[in-house]
Structures are given as C-alpha cells and as structure tokens.
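# Chains, contacts and geometry: an overview
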Amino acid sequence: MKNISNVDINRERLERWLSETNLTPGSRLPSERELCELLDTRRMTLRQVLLELEVASLIFRKNRSGWFIAPKRFIYNPKAQSSFNAEARAQGRQPFWGYLEEEQCEVPPLNVAKAFSDNSRSYRVTGWCGLDGHKVFYHESYIDADFAPDFIKKINNQSFADVWEKEYGQFLSIKSMLFKPVKIPGQACKELGVAPNSFVILVEKHRATREKRVVQVDFEYWRLESVELYIQDE
C-alpha cells in the first residue's frame, strides 16, 4: 500500500477547502499563518503544498501580496496571425496592456543584431499585457528602425500589428520561434509581481515581411500559471 505523505494529505485538504469556498479567480487566499491554522500544519509543509498548487495552475503568488486564485489559462498559439488582444477577446477574456519604454537602442542583443540587416538601427519597446485585471506577460521588442523609421512615434498605445498595418502596410508573419524556461529578468519581475528568481516561460519570436526580412524580434516572459502553449497552422 502506497504511503501518503503529509504534503499530500494537506494538499487534499486545501484543495477541498478551495472547492467548498468557491473563491472567484483573482481572490486572495488567507495568509500563510491563517492557512497553517486552518490545516493544522507547519509552515514548511504548507509552502510545499502551495508550490504544488501553483505548478498545477490553481493558484499564483504576487510578490509581497500573498497567494491568489488563478484565472483560467490563456490558450496561446504563437503562430496566430491575429493580435494578442483579438485572441484574448475571442476566448471571452478582457485584455489590457501598457508600454513602459519606447527608445532608440544603441546596442541591441547579439541575436537581434544578427536577425536584422547589417548595420540596421534598432528601436526598443518594453511593456506588459494582462487578462481580466491580471498581468500575464512582460515583453521586450526590437524593431528594425531603418525599415520602419519613426515606429516608436506612431505607437500611441496601438498594438504593434495595428502600427505595422496602418502606418507601413505590412502584415508580418513568424519566421522563427524559441521556447524555454528562464529565470525572470529584473524588470519583468517588477512589472508582473513575481518573486525574484522565479521561472517563467520565454517565447522569442522573429517576425518577418512577405520578403522574409526580419523586422521585429519579441521576447515575451509569461507567468507559468497564465498560459497554455500550442502550435496550430492557420
């Protein structure tokens, strides 16, 4: 007969409590001290339980704010030609976003410099995107400034897809993608409220024109509990 660990017992108790209380997505859980009293367990055991529920995408943590009920995952097809906002609304979600920096980039990352044409100037744009009041990813994007002069002056809180279409008559496609778990960068940590040294999913996308020229490189850092990735040709 398989032995049941104390962590397993308390995880079952907490899952049952969450089911019975029927907290809505985004609701804050009681403090760890209160949860220890509720489950009659030690802090070390509780933290292991919370981490397992976080991995299962049932809850998420905001740094210095506590634990919260996780919203349902965003079903994300990185190859989709439509924008994040359109995809979110199609899934019945409410997207929101904000830009942080829009600047000329003197020294872009090496892989960005290689992706663009030789000696191309670059713009760097950072920001975040959220769903239903919850920030889900931080992005750092690089634009080929020689191909799209004054791009950062034309954003005006529009999506990148809208700027490319309306201002430059371009419909970009994905030329290459990379997925990997990474430790969250400092700025992304600050914006998403993730604990320092947490792991996130990095999605790196190289976007190209019809002539296969790469003119935009995106680095998206997604909270683990927020997204389910799948690839499907459109």
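Up top is the structure these notes are about.
Residues numbered from 1 in each chain as written. Predicted model: local features only at pLDDT ≥ 70, side-chain atom pairs only at ≥ 80, totals over all residues. Heavy atoms only, no water.

Contact pair helix H2 (residues 32–39) / helix H3 (residues 43–55): the axes reach a minimum separation of 10 Å and the direction vectors enclose 100°. As judged from the angle between their axes, H2 and H3 are roughly perpendicular. For the pair H2 and H3, the contacting residues are Glu32, Arg33, Leu35, Cys36 and Leu39 in the first and Arg43, Leu46, Arg47 and Leu50 in the second. Split by residue class, the contact of H2 with H3 holds five nonpolar, no polar and four charged. (Axes fitted to C-alpha atoms, helices over the stretch in contact; angles between N-to-C directions. Helix = DSSP H or I, 4+ residues; strand = E, 2+ residues; numbered from the N terminus. Parallel < 35°, antiparallel > 145°, perpendicular 65-115°, else oblique. Contact = heavy atoms within 4.5 Å. Nonpolar A, V, L, I, M, F, W, Y, C, P; charged D, E, K, R; others polar.)

What follows deals with a nonpolar patch on the surface. On the surface, a nonpolar cluster with roughly 250 Å² of combined accessible area is contributed by Phe179, Leu229 and Ile231. Secondary-structure assignment places Phe179 in strand S7 (residues 173–183). Relative accessible area serves as the criterion here: at 36%, Phe179 is assigned to the partly exposed category. (Patch = residues over 30% accessible without salt bridge, like charges linked within 9 Å, V, L, I, M, F, W, Y side chains within 5 Å. Areas by Shrake-Rupley, 256 points an atom, 1.4 Å probe, with all protein chains shown as cover. Salt bridge = Lys/Arg side-chain N within 4 Å of Asp/Glu carboxyl O. Buried < 20%, exposed > 50% of the residue type's maximum accessible area, 1.4 Å probe, protein only.)

So, about the nonpolar core. Residues Val112, Phe116, Tyr142, Ile184, Val217, Phe219 and Tyr221 are the most contacted members of the largest nonpolar core, which totals 18 residues. Going through the elements one at a time, strand S6 (134–144), helix H7 (186–192), strand S8 (199–208) and strand S9 (214–222) are the ones with two or more residues in this core. In terms of residue count, the dominant contributor to this core is S9 (four residues). Aside from chain neighbours lying at most four places away, what touches Ile184 is Cys189, Leu192, Val194, Ala195, Asn197, Ser198 and Val200. Within the second largest apolar cluster, 15 residues are counted, among which are Val125, Phe151, Tyr168 and Leu172. (Core = buried A, V, L, I, M, F, W, Y, C linked by side-chain atoms within 4.5 Å.)

What follows is about the state of the cysteines. Applying the stated rule across the entire model yields zero disulfides. Free of any disulfide, Cys105 has its nearest cysteine sulfur in Cys129, 20 Å distant. (Disulfide = S-S within 2.5 Å.)

All right, on to the environment of Lys114 then. Looking at the element boundaries, Lys114 is found in helix H5 (residues 110–115). Between the C-alpha atom of Lys114 and that of Val214, which follows or precedes it by 100 residues, the distance is 9.9 Å.

Within the structure shown, the criterion is met by 17 aromatic pairs. Ring centres 5.9 Å apart and planes at 25° place the aromatic pair Phe74 and Tyr76 in the stacked group. Relative accessible area serves as the criterion here: at 1%, Phe74 is assigned to the buried category. Here the aromatic residues Tyr99, Phe147, Phe151, Phe160, Trp164 and Tyr168 are joined through ring pairs into a cluster of three or more. Just above the ring of Phe68 sits the side chain of Lys62; from NZ or CZ to the centre is 5.1 Å. (Phe/Tyr/Trp six-rings, centres within 6.5 Å; stacked < 30°, edge-to-face > 60°. Lys NZ or Arg CZ within 6 Å of the ring centre and 35° of its normal.)

As a further point, take unusual backbone geometry. Backbone geometry at Asp132 places phi at a positive 55°, although glycine is not the residue there. For Asp132, the position within the fold is in the loop between strand S5 (122–131) and S6. On the basis of relative accessibility, which here comes to 40%, the residue Asp132 falls in the partly exposed class. The phi angle at Asn156 is positive, at roughly 50°, despite the residue not being glycine. Examined against the element boundaries, Asn156 turns out to sit in the loop between S6 and helix H6 (160–168).

As far as function goes, none of this settles anything; it's purely spatial.
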